Structures are given as structure tokens and as C-alpha cells.
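Observations on chain architecture
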Amino acid sequence: MGTPRAADEADVAGGGGALPRHVAIIMDGNGRWAKAHGMPRFEGHRRGVEAVRRTVTAAREIGLEAITLYSFSSENWSRPMAEISELMGLLKRFIRSDLRDLHANNVRVRIIGEGHPGDSEVQALLDEAQAVTQANTGLCLTVAFNYGARNEIARAARSLAVKVAAGTLRPEDITADALAGELDTAGLPPLDLVIRTSGEQRLSNFLLWQAAYAELVFLPVLWPDFDRGWLERALGEFTRRERRFGGIEPRGY
Ligand code: IPE
Ligand code: IPE
Ligand code: MG
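Calculation rules
Residue positions within a chain follow its written sequence, with the count starting from 1. Chains and ligands are labelled by the order in which they are written, letters from A for the one and numbers from 1 for the other. Totals for whole chains, interfaces and linings use every residue, but because this is a predicted model, local features are given only for residues with pLDDT of at least 70 and side-chain atom pairs only at 80 or more, for both listing and counting. For side-chain calculations, the full set of non-hydrogen atoms in the structure is used, while hydrogens and water are omitted. A run of DSSP states H or I qualifies as a helix once it reaches four residues; a run of E qualifies as a strand once it reaches two. Both are numbered from the N-terminal end. For the radius of gyration, the atoms used are the C-alpha atoms, and the globule rule reads 2.2 Å times the number of residues raised to 0.38. Contacts were defined at the residue level, with two residues in contact if any of their heavy atoms lie within 4.5 Å. Per-residue accessibility takes into account occlusion by the displayed protein chains alone, with areas from the Shrake-Rupley method and a 1.4 Å probe. The positive count covers Lys and Arg only, the negative count covers Asp and Glu only, and His and the chain ends enter neither. A charge is said to be at NZ when it belongs to Lys, at CZ for Arg, at CG for Asp and at CD for Glu. By convention in this text, a residue qualifies as near a molecule or strand provided that one of its non-hydrogen atoms is within 4 Å of it. Polar contact is defined as a pair of N or O atoms within 3.5 Å, subject to the rule that within protein one atom must be able to donate a hydrogen and the other to accept it, and that residues adjacent in sequence are counted only when both atoms are side-chain atoms. Space inside and on the surface of the protein is sampled on a 1 Å grid over the protein atoms alone, with a cavity defined as a set of points where a 1.4 Å probe fits but cannot get out and a pocket as an open set with protein on both sides within 12 Å along at least 5 of 7 lines; lining residues have an atom within 4 Å of a point. A pocket or cavity is taken to hold a molecule when more than half of that molecule's atoms are within 2 Å of the pocket's grid points. We call Asp, Glu, Lys and Arg charged. Ala, Val, Leu, Ile, Met, Phe, Trp, Tyr, Cys and Pro are nonpolar, and the rest, Gly among them, are polar. Two rings from Phe, Tyr or Trp (for Trp, the six-membered ring) form a pair when their centres are within 6.5 Å of each other. A pair whose planes differ by under 30 degrees is stacked, one over 60 is edge-to-face, and the rest are tilted. Grid points are joined across faces, edges and corners, and a volume is the space filled by probe spheres set on the points.

On to the overall build of the protein. Tallying secondary structure elements over the protein gives eight helices and six strands in all. Each helix (α) and strand (β) of the protein, taken in turn from the N terminus, gives the series α-β-α-α-β-α-β-α-β-α-α-β-β-α. The C-alpha radius of gyration of the protein comes to 19 Å, within 12% of the 18 Å expected for a compact globule of 253 residues. For the protein, the spread of C-alpha atoms along the principal axes amounts to about 55 × 50 × 35 Å. By sequence separation, contacts in the protein at least 24 residues apart represent 76% of the contacts at least 6 residues apart. Carbon and sulfur atoms form 52% of the exposed surface of the protein, whose accessible area is close to 12,500 Å². One finds the centroid of the 31 positive side-chain charges in the protein at a distance of 2 Å from the centroid of its 33 negative side-chain charges.

Moving on: the site of ligand 2. All residues adjacent to ligand 2 are I26, M27, D28, Y70, S71, F72, N76, R79, R196, R202 and S204. In the model, an oxygen atom of ligand 2 is placed 3.2 Å from a nitrogen or oxygen of the D28 side chain. One nitrogen or oxygen atom from the side chain of R79 is found 3.3 Å from an oxygen atom belonging to ligand 2. Alone, ligand 2 offers 390 Å² of accessible surface; in the complex the protein occludes 78% of this. Spatially, ligand 2 is embedded in the largest pocket. Of the residues forming the shell around ligand 2, the biggest block, three residues, is contributed by strand β2 (residues 66-73). Class assignment of the residues belonging to the shell around ligand 2 gives a composition of four nonpolar, three polar and four charged.

Okay, the side chain of S198 next. Here S198 lies in the loop between β5 (193-196) and β6 (215-218). Here R32 takes part through its side chain, which lies 3.1 Å from a polar atom of the side chain of S198.

Once that is clear, we can look at the site of ligand 1. The local shell around ligand 1 consists of M27, D28, G29, N30, G31, R32, R41, H45, S71, N76, R79 and L87. At a separation of 3.1 Å, an oxygen atom of ligand 1 approaches a polar backbone atom of N30. In this structure, R41 approaches ligand 1 through a side-chain N or O atom, which is 2.9 Å from an oxygen atom. Protein contacts shield 85% of the accessible area of ligand 1, which totals 380 Å² for the unbound molecule. Comparing atom positions with the cavity grids shows ligand 1 to sit within the largest pocket. At the level of elements, α2 (30-36) and α3 (41-62) are the ones that each hand at least two residues to the shell around ligand 1. Considering every element that reaches the shell around ligand 1, the biggest residue donor is α2, with three residues. The residue makeup of the shell around ligand 1, split by class, is two nonpolar, six polar and four charged.

Before going further, it helps to examine the packing of aromatic side chains. Within the structure shown, the criterion is met by seven aromatic pairs. For the pair W223 and F226, a centre-to-centre distance of 4.8 Å together with 20° between the ring planes defines the contact as stacked. Through pairs of rings, three or more aromatic residues link up here, namely Y70, Y147 and F206.

A separate point is the layout of surface pockets. Taken as a whole, the largest pocket encloses approximately 850 Å³ of empty space. Those elements that place two or more of their residues in the lining of the largest pocket are α2, α3, β2, α4 (81-104), β3 (108-112), α5 (120-133) and β4 (140-147). In terms of residues, the lining of the largest pocket owes the most to one element, α4, which gives eight residues. A volume near 290 Å³ is recorded for the second largest pocket. Surrounding the second largest pocket, 18 residues form its lining, P189, P190, L191, W209 and Q210 being those nearest its centre. Of the residues contributing to the lining of the second largest pocket, the split by class is 12 nonpolar, four polar and two charged.

See below:
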């Protein structure tokens with residue numbers, strides 16, 4: 001994706017710094033959007049899917065390497081059953097209608113989280129989206145589905161423990177890198193930027209490990225209204241931030 005990135009970077013960035021390689025988005029505010037428009041919550045979620053389409057297209061055109069979208073958290077099971085089935089219905093419809101396009105645009109789909117072992121139809125579609133696109137080399141679109149960061153870290157710790165118990169790993173080899181290698185995100189570029197829409201300023205159990213040195217940008221827009229302009233605004237903010245990673249400012253002394 002070299003050419004579009006080179007062409008667009010100057011237009012999008014504006015702040016002098018490089019664009020992020022990996023952007024994660026907490027897509028929040030569908031319910032409030034619906035309420036503000038006098039519509040049922042479902043309509044907010046439906047419009048939210050359109051915002052997902054716009055965002056993936058924009059990310060591709062801008063030339064981002066990876067975007068990760070929080071689509072359903074492990075805590076979202078506490079919502080009313082009717083809303084959960086609507087969300088599952090939208091996910092199925094989205095994969096059925098958009099997988100062909102994503103594939104044609106060289107997008108590689110990856111799912112993180114625990115999937116949906118209890119719903120074979122949803123699980124089969126998630127598996128299909130990954131399988132069909134796995135050799136693609138363009139934008140990596142990661143969908144966090146039935147995802148919770150604490151659970152992800154616990155599962156990673158468990159798989160290291162299994163190796164220690166089997167005698168294939170020594171306890172002293174359990175390093176931060178070793179644990180990161182067991183996370184669902186292993187192999188993705190480091191997380192540079194987390195965007196959350198709707199004005200809430202919290203991570204809600206999203207990518208807690210990976211966000212250690214990510215920049216956080218909170219936007220007032222409700223997710224169904226998110227578009228390329230809002231993405232560029234967040235990217236612009238990112239390029240104006242000074243990342244230190246615990247050191248001193250690059251030009252300072
Ligand atoms: C985000 O919108 C979508 C999901 C969590 C699935 P919400 O449904 O959380 O919308 P608000 O926060 O109630 O406005
Ligand atoms: C986070 O939003 C999860 C997703 C966007 C999928 P929530 O709306 O569930 O988060 P809280 O409950 O406000 O923290
Ligand atoms: Mg919410």
C-alpha cells in the first residue's frame with residue numbers, strides 16, 4: 001500500500017509526525033445517537049455498521065497498516081437478549097454482504113476475542129472471513145468480538161503455564177515479550193493510537209496490555225456519525241503528540 005500512503009500522508013497528518021501504523025477504535029455511542037434521533041437503539045447500531053464501512057475505506061485509502069475495531073465486548077453480554085440478537089444479526093449481515101468487497105480490496109480480516117462458540121452460524125462466518133482473506137497483504141482489519149482484555153491476558157498466561165507444566169518453557173523465560181506473543185494480537189504492528197467516540201474517556205477492557213504506550217484520543221462524535229473527517233482529525237492529533245516511551249523528548253537535553 002506504499003503509493004496511497006505516500007500520497008496521502010502529507011494531507012492527512014498535518015502535525016509533522018508520522019502516521020500511526022496501528023489504530024484501534026472503541027466505537028461507542030450508537031444508543032445515544034438513536035435516542036437523539038428519536039429512534040430505537042437498533043437503528044443506531046445499523047447506522048454504526050455504515051460508519052464501519054466508511055472507516056475501513058478511509059483507513060485503506062489513507063494507507064494505515066492495521067485498524068482494530070471493538071465490536072462486542074465480553075461485558076456486552078449483560079445487555080438485553082433482544083439487543084444482543086440484533087447485534088449478532090448485524091454482524092452476520094455485515095460479513096455476508098461485505099466480505100467479498102473486503103477481499104477484493106486486499107483487506108486481511110482477523111478476529112480477536114473468544115468468538116461465539118455457542119452460535120455456530122456466527123462462528124462459521126467469523127472463521128470464513130479470516131480464512132478467505134488470510135493471504136491478503138493490504139489493510140489488516142481486526143475485529144474484537146466477544147473480547148475482553150483481562151480475559152485475553154489470562155488466556156495468554158494460561159498458555160505459558162501449560163508450556164511450563166509440559167517442560168517446554170522455563171519460568172524465567174516468561175518475559176513481557178513472551179506474554180505478548182501469546183496475546184490475540186500477536187504479529188500485529190504495535191498499537192499506536194486508540195480512538196474512542198461518544199465522549200466517554202475510558203478503555204472499557206479494550207487492549208489493556210497493547211495500549212501501554214498508545215496515544216489516546218477521545219472524540220465527542222457519536223459512532224454512527226463517524227467518518228473520514230473524524231478519522232483524519234484523530235490522526236492529525238496523533239501527529240502533534242510527542243511520544244517519549246519513558247525517555248526524554250527527542251530533541252531535548
Ligand atoms: C456501541 O454503542 C456499540 C456497542 C457497544 C455494541 P452503544 O450501544 O454502547 O451506545 P451507547 O453507549 O448506549 O450510546
Ligand atoms: C465498549 O462500549 C464496547 C464496544 C464499543 C463494543 P460500551 O458502551 O460497552 O462501554 P461502557 O459500558 O460504556 O464502558
Ligand atoms: Mg456505549
